[in-house]
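An overview of the molecular structure
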Amino acid sequence: MVFSLLSVADLSSKEFVGLIDDAKRMKSAMARGRRTTDLKNMVVGILFEKPSTRTRTSFQAAAIRMGGDPIYLSASELQLSRGEPVKDVARMLGGWLDIIVARVYSQDTLVQLAEYSKLPVINALSNIEHPTQMISDFLTILESKGRIEGLKMAYIGDGNNVANSLMLSCALTGMDLSIASPNGYKPSGEYVKKAKRLSASTRSKIEIVTKPAEAAKDADILYTDVWVSMGEEKEAARRLRAFKGYQINSSLLKYAKSDAIVMHCLPAHRGLEITDDAIEGKQSVAWVQGINKLYGAASVMKFIAKHK
Ligand code: CP
Ligand code: NVA
């Protein structure tokens, strides 16, 4: 059966943990430029509607290093930009490619790509989720802390796509998560409910609070993301006002455990959601986290190739 990764919730706990472990294996398998044959004879379409430094390059590089052939498709250069329906484009791609990796404004575009192409589709970020980011993030946590279950993560900032995927990922892996967001920017009730449902079997605690210091208390991991996500540029002034104080900095770090790590999915805005000293400091794992996206991409494409 064709498997698409549109949401973290498409995976069972066992599958999600398996992807993290495999990302770790792929990191050794691909060390020092070594290549694998996991995607031999496969053509991977990388269709992006929004900018990307890390996700796009890591999927392209991973496909090449795994013996596959990536094709980059900029949505602005396809007939999509002149109004061709997603389902018509999807039908074409379905005849030419083996996997689609897509970054889109609307989750519904991913659903249509999967339905009409009949190919496995990987969500490379949408308005509501960023599932592939989670595999590299949790690999980074495993490498830094030696475990995942039983840790506490504090997420400071916008209840956005990354926050949604973090809630589901923590629920699947037994990590506690405390999210601090200002009123009006808390994660959607639907996602909180979904995460709480998933956490029943792992007993992870998911809580939403308002004060950053409350979330950060005794945390093993402090995580943040931008205050203004791609597509929200018009709201920038209002958001910058609302998120003032929702910053990872040396004062907030004092509430966390002394060996806490600092994470950011990047790109970072120094002086807004994180200070320069926090992201450049010795507790920051943000750069490893970014580089690990290669292995997250490798692990998810390998999983999909096996299910094809
Ligand atoms: N973290 C992340 O998705 O980065 P890019 O937007 O550069 O892909
Ligand atoms: N929430 C951010 C994540 C960027 C990787 C955005 O959607 O722009």
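Further up the page is the structure itself.
The rules behind the values
Per chain, residues are indexed from 1 in the order of the written sequence. Just so you know, chain letters begin at A and ligand numbers begin at 1, following the order they were written in. Side-chain atom pairs in this predicted model are given and counted only at pLDDT of 80 or more, local residue features only at pLDDT of at least 70, and totals for whole chains, interfaces and linings cover all residues. For side-chain calculations, the full set of non-hydrogen atoms in the structure is used, while hydrogens and water are omitted. A fitted line through C-alpha atoms serves as each axis, taken over the contacting stretch for helices, and the angle formed by two N-to-C directions is quoted from 0 to 180°. By the criteria applied, helices consist of DSSP H or I runs no shorter than four residues and strands consist of E runs no shorter than two, each listed in order from the N terminus. Note that the term roughly parallel is reserved for angles under 35 degrees, roughly antiparallel for angles over 145, roughly perpendicular for angles of 65 to 115, and oblique for everything else. Each crossing is labelled by how the near helix is turned from the far one, with a counterclockwise turn of less than a right angle marking it left-handed and a clockwise turn marking it right-handed. Note on contacts: a residue pair is in contact if any heavy atoms of the two residues lie within 4.5 Å. Each residue receives one of three labels: charged for Asp, Glu, Lys and Arg, nonpolar for Ala, Val, Leu, Ile, Met, Phe, Trp, Tyr, Cys and Pro, and polar for the others, Gly being one of them. Burial classes: relative accessible area under 20% of the type maximum marks a residue as buried, over 50% as exposed, and values in between as partly exposed (1.4 Å probe, protein chains only). At least two bridges found by DSSP between two strands is the condition for calling them paired. Salt bridges are defined as contacts in which a side-chain nitrogen from Lys or Arg sits within 4 Å of a carboxyl oxygen from Asp or Glu.

Points about the packing of helix α5 (residues 131-145) against helix α6 (residues 161-173)
Packing of α5 against α6 brings their axes to within 9 Å, and their N-to-C directions diverge by 55°. Between α5 and α6, the crossing angle belongs to the class labelled oblique. Of the two elements, α5 crosses α6, and the hand of that crossing is right-handed. Contact residues: P131, M134 and F138 in α5; V162, S165, L166, S169, C170 and T173 in α6. Looking at the contact of α5 with α6 residue by residue, the class counts come to 6 nonpolar, 3 polar and no charged.

Focus: the pairing of strand β9 (residues 261-264)
Remark: a regular strand shows side chains that alternate across the two faces of the sheet. Here β9 shows two buried faces, one formed by I261 and M263 and the other by V262 and H264. Across 4 bridges, the pairing between strand β8 (residues 221-224) and β9 is parallel. Bridge pairing in β9 links T224 to H264.

With respect to the pattern of salt bridges
Counting across every chain of the model gives 13 salt bridges. A salt bridge links D88 to R91; its shortest N-O distance comes to 3.0 Å. Placement of the pair is D88 and R91 together in helix α3 (residues 86-96), with a separation of 3 residues, close to one helical turn. Among the residues examined, D88 registers a relative accessible area of 29% and is labelled partly exposed. In this structure, the salt-bridge partner of E232 is R239, at a minimum N-O distance of 3.4 Å. For the pair shown, E232 and R239 are each scored as buried. Several salt bridges share partner residues, and in doing so they unite D158, E232, E235 and R239 into one network.

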